[in-house]
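# A structural walkthrough
Here's the letter readout for the chains.
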Amino acid sequence: MQFILGEPFILPVGRVKEKYAEYERAVRLQQQIVKRLSTEFNVILVEYQQAFNQALAKAPADYWIWDGIHPMPAGHELMARAWLTQVSKKLKFIKV
C-alpha cells in the first residue's frame, strides 16, 4: 500500500483575493505540515501549489481556480497530471 498526500493550494482570485495574505499564511502552514508528514512517513507528496504557480505563466488564475481554492475544469486536469507525474515516479506500473 502506498499513501499519497496532496499539498493544499491557493491562488489570489475570487473571494480569496481580498484577504489573500491572511489565507496564504494559513495555507503555507498547512503545506509545511503536509510536507513534514510526507517526509516523516515516507509517502508521495503531490505539490499542487507549484503546479498552479507554474500554470499561471500559461493562463490567469481564474482559468485554473474560480474562487482561490476550488479548481475549474482546467485546474482539475492540472491536478490530475501533477498527481500522475509524482505517483508514477514511485509506482512504475503507472505510465505518464
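Scroll up to find the structure.
First things first, this report covers the structure right here in the doc. Because the structure is a prediction, the values reported are computed rather than measured. (Residues numbered from 1 in each chain as written. Predicted model: local features only at pLDDT ≥ 70, side-chain atom pairs only at ≥ 80, totals over all residues. Heavy atoms only, no water.)

## Some words on helix α1 (residues 20-40)
In an α-helix, one full turn covers 3.6 residues, which means residues spaced three or four apart are oriented alike. Taking 1.5 Å per residue, 21 residues should reach 30 Å; α1 reaches 30 Å between its end C-alpha atoms and fits that length. Looking at α1, one finds that the buried residues are V27, Q31, V34 and S38. One face of α1 carries all of its buried residues, which in axial projection span an arc of 70°. Residues of α1 that are exposed and point over 90 degrees away from its buried face: R25, Q32, R36, T39 and E40. Considering only its buried residues, α1 is in contact with β1 (4-6), β2 (44-46) and α2 (48-55). Looking one or two residues past α1, N42 carries a phi angle of roughly 50°, positive in sign. (Helix = DSSP H or I, 4+ residues; strand = E, 2+ residues; numbered from the N terminus. Expected span 1.5 Å × (residues − 1). Buried < 20%, exposed > 50% of the residue type's maximum accessible area, 1.4 Å probe, protein only. Arc of directions from axis to C-beta. Contact = heavy atoms within 4.5 Å.)

## Here we look at the packing of aromatic side chains
This structure, assessed with the given rule, holds 3 aromatic pairs. The interplanar angle of 75° and the centroid separation of 5.9 Å between the aromatic rings of F9 and Y48 together place this pair among those described as edge-to-face. Residue F9 is found in the loop between β1 and α1, and its partner Y48 is found in helix α2; the two are separated by 39 residues along the sequence. Note on Y48: relative accessible area 10%, which makes it buried. (Phe/Tyr/Trp six-rings, centres within 6.5 Å; stacked < 30°, edge-to-face > 60°.)

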